[in-house]
Amino acid sequence: MLTTAPKGTKDVLPGESYQWHYIENIMREVCRVYGYDEIRLPTFEHTELFLRGVGDTTDVVQKEMYTFEDKGGRSITLKPEGTAGAARMFVEHALYNEALPKRLYYLNSAHFRYERPQAGRYREHHQFGVEVFGAPQSAIDAEVIMLAMAVLRRAGLPNLEVELNSIGCSKCRPAYSQALKEYLHAHEDELCGTCRERMERNPLRVLDCKVEGCKAVAAAAPKPVDYLCQECAAHFESLKAYLQMENVKFRVNPFIVRGLDYYTRTVFEILSPDLGAQSTVCGGGRYDGLIEAVGGPQVAGIGFGMGMERLLLALEKMNVDIPKPERVQLYVAPMGEEASLAAFDLVSRLRQAGVKAETDCVGRSLKAQLKYANKLDCAFVAVVGSDELAGGAWRVRDMMGGEETTRTPEEIFQMLTEATK
RNA sequence: GUGGAUAUAGCUUAGUUGGUUAAAGCGCCAGGUUGUGGCCCUGGAGAGCGUGGGUUCGAGUCCCACUAUUCACCCCA
């Protein structure tokens, strides 16, 4: 117990952190080009925020939140998703008074959901995500989807599928809900137990039930797309036109409705079909009513979340080549105390000059040091003993070929600092 | 929350029909010339077999429970 990480959590080991850096750099770089600014938000929020923002009928809120009372008697929840917190920040700091739209992103943001872990699903996972406030036009929907695709493509992920849907707005939703409920009532006996329950409260969710009987009912059910009001329909058409113009392949999937209540109009998912059961790498949509729901003015919003562990898992499954971290440029192998001091000094100078260098600090024999340097995959090893100290020239071994030259410490310093320039 | 699978050294595994001090490869450490790596050789450290019960003269090997891991459902990133 003591030496086991809690269920559903995962350590990033020293040999794998470079993979995170790889995707983080891509995310930052793509966001830079698209003009998105980074935000960092708290890991926990008042429980109330998620009840109001995400919706208290959703599975996420009802059964997956890590909620507890703090010592001051407040109900606190570790964030299960990122958008509600961003909306809260937007309202709290009155960012709607600044130039809109506000394009924002976050990464390595920890999210918590109490679920049974499995491949690509953790109780604590990290998301890269984007939120844009104050842009109701469909051009932003297209931009956000393209940004997500740009990140995934740059990371090297093949076989991506974009699935798109529109679930309408507060104007057209009631008529649709009505029609859907009537239809579902007529087919109630064909539905599974859960669907019969949620049919009243949250009928949309029946559409993506995976039970065979429900799938059959859902297949013939009224679709949100057929009930869109004129504005929503136009918005959706326009989004599709943007994507087509930019050659973003997508498929309209009338069954994606997403599990968070704040979505309006556009919802989308990006799938990596080779990922197994948890194939959604990225999911998001528009939330034009959320800012108001958390107490702000009426400001449109759209965003997505991308699972970083899932992206990494997909890259691994697809054997995507991630650039290895920089090797140690020089290992200095001293023999004797005096040599150790000289070695320490050269290494310090190299480090200050930005060269990745290392020397012995556990008193190993020369042979053992060379073995160690070999394991580290060092480019060069410099050997210093009493002879070298006396003559002023150290032996420098190229670990690739094995050939040795002699150079003064100053020459070694020059050689390596030149190389990094 | 539901269902299935698995649980032996740091890692990957072997452990015959239950029977002496639990085995191998990799990795780690040290040697194989008194100052030289990657190959090879030798030696060493390291598990008492997930935990707790039970059956038995005797269990890593059988039974039960628990826990953990894992895959799928559900949900979602």
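Residues numbered from 1 in each chain as written. Chains lettered and ligands numbered in written order. Predicted model: local features only at pLDDT ≥ 70, side-chain atom pairs only at ≥ 80, totals over all residues. Heavy atoms only, no water.

(A) Broad picture of the packing of helix α5 (residues 138–155) against helix α9 (residues 230–245). Between α5 and α9, whose axes approach to 8 Å, the crossing angle comes to 45 degrees. Between α5 and α9, the interaxial angle falls into the category oblique. Seen from above, α5 lies across α9 with right-handed handedness. Counting all contacts with α5, which are made through S138, A139, D141, A142, I145 and M146, the residues of α9 involved are H235, S238, L239, Y242 and L243. (Axes fitted to C-alpha atoms, helices over the stretch in contact; angles between N-to-C directions. Helix = DSSP H or I, 4+ residues; strand = E, 2+ residues; numbered from the N terminus. Parallel < 35°, antiparallel > 145°, perpendicular 65-115°, else oblique. Left-handed = near helix turned anticlockwise from the far one by under 90°. Contact = heavy atoms within 4.5 Å.)

(B) Structural context of the packing of aromatic side chains. Throughout the structure, instances matching the rule amount to 12 aromatic pairs. With centroids separated by 6.3 Å and ring planes inclined at 75 degrees, the aromatic side chains of Y66 and F112 adopt a geometry described as edge-to-face. One end of the pair, Y66, is in strand β3 (residues 66–69); the other, F112, is in strand β5 (residues 102–112), and 46 residues separate them in sequence. Its relative accessible area of 26% is what places Y66 among the partly exposed residues. Taken together, the aromatic side chains of F90, Y96, F133, Y262, Y263 and Y287 make up a single cluster linked through ring pairs. The ring of F413 has R349 sitting right over it, with the charged end atom 4.2 Å from the ring centre. The ring of Y372 carries the charged tip of R364 above its face, separated from the ring centre by 4.7 Å. (Phe/Tyr/Trp six-rings, centres within 6.5 Å; stacked < 30°, edge-to-face > 60°. Buried < 20%, exposed > 50% of the residue type's maximum accessible area, 1.4 Å probe, protein only. Lys NZ or Arg CZ within 6 Å of the ring centre and 35° of its normal.)

(C) Main features of the sheet that holds strand β14 (residues 380–384). Here we have 5 strands laid out as an open sheet, ordered β13-β12-β14-β15-β16, and mixed in their pairing. Strand pairing shows two members of the sheet lacking a second neighbour, β13 (357–359) and β16 (404–407), which therefore form its edges. Between one strand axis and the next, the sheet turns through 25 degrees on average, direction left out of account. (Pairing = 2+ DSSP bridges.)

(D) Fine view of the confidence of the model for chain A. Looking at chain A as a whole, the pLDDT averages 91, with 98% of positions reaching at least 70. Note on the complex model: pTM 0.92, ipTM 0.86. (pLDDT = per-residue confidence, 0-100.)

(E) Spotlight on helix α6 (residues 173–186). Taking 1.5 Å of rise per residue, the 14 residues of α6 would be expected to cover 20 Å, and the 20 Å separating its terminal C-alpha atoms lies within 8% of that figure. When we look at burial in α6, the residues that qualify are R173, Y176, S177, A179, L180, Y183 and L184. Each buried residue of α6 lies within a common arc of 165 degrees when the element is viewed along its axis, so the set occupies one face. Turned more than 90 degrees from where α6 packs its buried face, E182 and A186 sit exposed. (Expected span 1.5 Å × (residues − 1). Arc of directions from axis to C-beta.)

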